[in-house]
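The primary structure of each chain is shown beneath.
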Amino acid sequence: MASGAARYRLSCSLPGHELDVRGLVCCLYPPGAFVSVSRDRTTRLWVPDSPNRGFTEMHCMSGHSNFVSCVCIIPSSDMYPHGLIATGGNDHNICIFSLESPAPLYVLKGHKNTVCSLSSGKFGTLLSGSWDTTAKVWLNDKCMMTLQGHTAAVWAVKILPEQGLMLTGSADKTIKLWKAGRCERTFSGHEDCVRGLAILNETEFLSCANDASIRRWQITGECLEVFYGHTNYIYSISVFPNCKDFVTTAEDRSLRIWKHGECAQTIRLPAQSIWCCCVLDNGDIVVGASDGIIRVFTESEDRTASAEEIKAFERELSQATIDSKTGDLGDINAEQLPGREHLNEPGTREGQTRLIRDGEKVEAYQWSVSEGRWIKIGDVVGSSGANQQTSGKVLYEGKEFDFVFSIDVNEGGPSYKLPYNITDDPWLTAYNFLQKNDLNPMFLDQVAKFIIDNTKGQMLGLGNPSFSDPFTGKLKELNGTASEEKKLTEDDLVLLEKILSLICNNSSEKPTAQQLQILWKAVNWPEDIVFPALDILRLSIKHPSVNENFCNEKEGARFSSHLISLLNPKGKPANQLLALRTFCNCFVGQAGQKLMMSQRESLLSHAIELKSGSNKNIHIALATLTLNYSVCFHKDHNIEGKAQCLSVISTVLEVVQDLEATFRLLVALGTLISDDSNAVQLAKSLGVDSQIKKYASVSEPAKVSECCRLILNLL
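What counts, and where the lines are drawn
Residues numbered from 1 in each chain as written. Predicted model: local features only at pLDDT ≥ 70, side-chain atom pairs only at ≥ 80, totals over all residues. Heavy atoms only, no water. Pairing = 2+ DSSP bridges. Helix = DSSP H or I, 4+ residues; strand = E, 2+ residues; numbered from the N terminus. Axes fitted to C-alpha atoms, helices over the stretch in contact; angles between N-to-C directions. Phe/Tyr/Trp six-rings, centres within 6.5 Å; stacked < 30°, edge-to-face > 60°. Lys NZ or Arg CZ within 6 Å of the ring centre and 35° of its normal. Buried < 20%, exposed > 50% of the residue type's maximum accessible area, 1.4 Å probe, protein only. Contact = heavy atoms within 4.5 Å. Parallel < 35°, antiparallel > 145°, perpendicular 65-115°, else oblique. Left-handed = near helix turned anticlockwise from the far one by under 90°. Nonpolar A, V, L, I, M, F, W, Y, C, P; charged D, E, K, R; others polar. Salt bridge = Lys/Arg side-chain N within 4 Å of Asp/Glu carboxyl O.

What the four strands build is an open sheet, ordered 6-7-8-9; its pairing is antiparallel. At either end of the open sheet lies a strand with only one pairing partner, and these are strand 6 (68-74) and strand 9 (106-108). Each adjacent strand pair in this sheet contributes to an overall mean axis angle of 25 degrees, direction not counted. The sheet contact formed by strand 7 (residues 84-89) and strand 8 (residues 94-97) spans four bridges and is antiparallel. Each bridged residue has a counterpart across the sheet, and for I85 the counterpart in strand 8 is F97.

Spelled out as structure tokens, the structure:
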């Protein structure tokens, strides 16, 4: 890297990607090339187009069905002398490309959520990090091991030079060191989500985080140094060849260059989120941002952009708007800011920012030491709510979203967080939000409209073209697609809405026989449109007269048989979930409880078939159903019933990932075996004690480990 007073300046700007550039990596071949990945779902190879400066897009690859989040190069092998390109995406997959084809050689499947980080090692090993809280080690097309231990998204991974050592950084604020698949050490110190890792040498590494700090660590566990300079989330960190200097990019619209442990230069960009960077072998820095442009910066005079290009870049920068609420420029009181004359005073350090008032406007300037002048970096504006121009910068539960709204459903009640990406469908998001928070479906239209209004209808139009959204929120429209014999009249729809209103408002009025007849007719709609009717049934069945009507001796068999048919593993997950929740709610009434006990064998044997899916809400509903049966069997010592419940618990514990579902299964287990030595022996024979020991060390939520310890005492 060049030394002395040389400053980095723009070398070139590379348009090509249609959306945010999310990942960059230097390429093995051709020399001096690099690879970029983007939210536009493409991976692009850029090669130098002259001895001095500039790059040309040589190759565009596609294989992901959603955003591409990260990229790395797998070193050369006998079979692939130029190496391979690995990319991770929001479709949960990793695509492996060669330089010869725009389509992937093969796809690695195994993660259950976005793959957001990749790192390669010797002998073709690949390490991946995901929002599913795990990291996975791959060799060629096989997953060799899964690293489990983090409690939130794994945002950063790196393979260390020493064989067998790996690092993972997570939204749980920790970094873990792994050897041969075991966690050897946990590094704590960051106060927010860890976003990036970079290797300095065999014994030291760097980390960056959403707490706006960079830390230098020894692999023995000691934090050697903490660097401050950025004013917002730091997304990426990259080390210069053969030295300890490095670069970082962040949500504060800047690229910062760190030399000898200090921020030596700050370069502002005309985009809010500066997602990624990489350092080329010649010391030039490549940067990707939320405006979809790749920019290259250089210390070399020969590779510096022309005066016209630099002027155009500065003009673009000066026209940018900076949201005052991001905090990037500190607390701003426009009334107290000085005027333009303040710019006559020189700055005191590189990258110093100064705000001035020009009439009604507030402008931001940055001091350039090398040029001895203030460069305008944008106009400061106030924020007017949910109008983010940048994508994915809001974190919720350690994951990235375009928007995270606070929704107040009932006045005086709690507010709920609703995360949303502009490629999501507003109706489907609203439906899932209501399901997750157990809110009534009457709010579907209201929540979907709120999303559309507050995202100004932004939609990227990149959804799966074959996806046809059934969640229209309008019973009327769904009714229009039903066959003539199953179609409801206008009057029928009014009666259906009345039931919903009556149930949701806890009215003392009873639904009429006619209303319940219409509800049953709607519940028998075709599978692809029946879910709103099932949702009304789920809520209504808790009402004493509805419970008695559907669960009595005369109607009960027909009612349960129809709902059991919706538990078909090949059916729609929404229907499976709502049928399970309806069965859970049946236990509220005496008639419902009696029906559930009589149908126990058939119901549980069908319900258990849903265990192998990955839908955590279905797992929670399955655990709740088992818990309800356990409570009934605690009063009625039916050893056959207890045996079936214990078998279900043992089977589901093998596959369930969600800790809420695990907790409910543990409570069900404890309820079944307390005060019953036969049930204790049965549980032991199923090996349940060894199954649950792993939950004794769960720290969050604490209720899981507490419950686990109580059960182990009983066993």
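We now examine the packing of aromatic side chains. Within this structure, the stated rule accounts for 19 aromatic pairs. Among the aromatic side chains, those forming a connected cluster through ring pairs are F34, W46 and F55. The ring of W275 carries R22 above its face, with NZ or CZ at 3.7 Å from the centroid.

So, on to the sheet that holds strand 24 (residues 254-259). Spatially, 22-23-24-25 is the arrangement adopted by the four strands of the open sheet, whose pairing is antiparallel. Lying at the two open borders of the sheet, with one neighbouring strand each, are strand 22 (234-239) and strand 25 (262-268). The mean angle between the axes of side-by-side strands here comes to 20 degrees, regardless of whether they run parallel or antiparallel.

This part takes up helix 8 (residues 544-551). Within the sequence span of helix 8, burial applies to S545, V546, N547, F550 and C551. Taken together, the buried residues of helix 8 touch helix 6 (513-523), helix 7 (531-540), helix 9 (556-565), helix 10 (573-586) and helix 11 (590-598).

At their nearest, the axes of helix 6 and helix 8 sit 11 Å apart, and the two run at 60 degrees to each other. The pairing of helix 6 with helix 8 is recorded here as oblique in orientation. Taken as a pair, helix 6 and helix 8 cross one another with a handedness that is right-handed. Where helix 6 approaches helix 8, its residues L516, L519 and W520 are matched on the opposing element by V546, N549 and F550. When its residues are assigned to classes, the contact of helix 6 with helix 8 shows five nonpolar, one polar and no charged.

For the rest of this paragraph, the subject is the pattern of salt bridges. The final tally for this structure, using the stated rule, is 22 salt bridges. We note a salt bridge from E363 to K376, for which the minimum N-O separation is 3.5 Å. Placement of E363 in strand 31 (residues 361-368) and of K376 in strand 32 (residues 373-381) is noted, with a sequence separation of 13 residues between them. Each member of the pair, E363 as well as K376, is classed as buried. With its nearest N and O atoms 2.8 Å apart, the salt bridge here joins D676 to K642. Separated by 34 residues along the polypeptide, D676 in the loop between helix 15 (659-673) and helix 16 (677-685) and K642 in helix 14 (residues 639-655) bring together distant segments of the chain. Given a relative accessible area of 0%, K642 falls into the buried group. Each of the salt bridges in this network shares a partner with another, and the network as a whole consists of E204, R216, E225 and K244.

Keep in mind that these numbers describe shape and distance, not what the molecule does.
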